[in-house]
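# Residue-level structural notes
Below, each chain spelled out in residue letters.
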Amino acid sequence: KLSHKILAGLSMVVFVVFFCFRGYVQTDTINYYALFERLTDIFKGIPYEPHFDTGFLVYMGIIKSLGFNYDQFIIISTFIDLILLTIFFRQYFSYKYYALFFYLFLMCTGLEYEFNLMRNFKSVLLFFISIKYIYSRDFVKFLILNLLGLAFHWSSVIFFPLYFFLHKDFSLKVYCMLFLVGVLIYILMPYVL
């Protein structure tokens, strides 16, 4: 058991070193560096930027107002992602499998989430953590986690209806229909918006 905890700890260290000190790469830097630099002191008022969600602006503004620079903002964000990932993994896996699923996550678009989807990734992780409250029927905890996710990225709005039917057992036919509707929405989205 000790070796599993050591592997889990080493996985966390690799994650932190790789992502905390990644430098100015990929689209998150393009999207957020200039925003971080122009944000004013959060304690003087809530920032407004038309293309960013308020919760993310407040989060970024608090970090900047506490005297941290953009590099330190990335380190703090990476640690928050690590904590959320660990909470999610601990809900479903023991330490025995933590390292395996951690590396599977990184191989299956985890790198893209960390480099390109900082806001969306936090909202998705908060939803993943809230899934257990769908099954335990604890609407308040589900709502709080997903409102927090919605504050980071507007796409979290699609998670709210899942509370009402995700816990039910459906036939394979219903799941296939829902999958096809989802694919159709994805394909038609650029033409509708």
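Residues numbered from 1 in each chain as written. Predicted model: local features only at pLDDT ≥ 70, side-chain atom pairs only at ≥ 80, totals over all residues. Heavy atoms only, no water.

### Digging into the packing of helix α4 (residues 70-92) against helix α6 (residues 118-135)
Their axes nearest at 9 Å, the elements α4 and α6 cross at an angle of 25 degrees. Of the possible angle classes, the one that applies to α4 and α6 is roughly parallel. As for the relative orientation of α4 and α6, their crossing is left-handed in sense. Each of Phe73, Ile74, Ser77, Ile80, Asp81, Leu84, Leu85, Ile87, Phe88, Gln91 and Tyr92 in α4 lies in contact with α6, whose residues at this interface are Met118, Phe121, Lys122, Leu125, Leu126, Phe128, Ile129, Ile131 and Lys132. Residue composition of the contact of α4 with α6, by class: 15 nonpolar, two polar and three charged. (Axes fitted to C-alpha atoms, helices over the stretch in contact; angles between N-to-C directions. Helix = DSSP H or I, 4+ residues; strand = E, 2+ residues; numbered from the N terminus. Parallel < 35°, antiparallel > 145°, perpendicular 65-115°, else oblique. Left-handed = near helix turned anticlockwise from the far one by under 90°. Contact = heavy atoms within 4.5 Å. Nonpolar A, V, L, I, M, F, W, Y, C, P; charged D, E, K, R; others polar.)

### Brief notes about α6
Between the first and last C-alpha of α6 there are 27 Å, a value that for 18 residues agrees with the 26 Å anticipated at 1.5 Å per step. The largest bend along α6 reaches roughly 30 degrees and is located at Ile129. Extensive coverage of α6 is indicated by the burial of 15 of its 18 residues. Positive backbone phi, at 60 degrees, marks Arg137, one or two positions downstream of α6. (Expected span 1.5 Å × (residues − 1). Bend = angle between axes of the 7 residues up to and from the residue. Buried < 20%, exposed > 50% of the residue type's maximum accessible area, 1.4 Å probe, protein only.)

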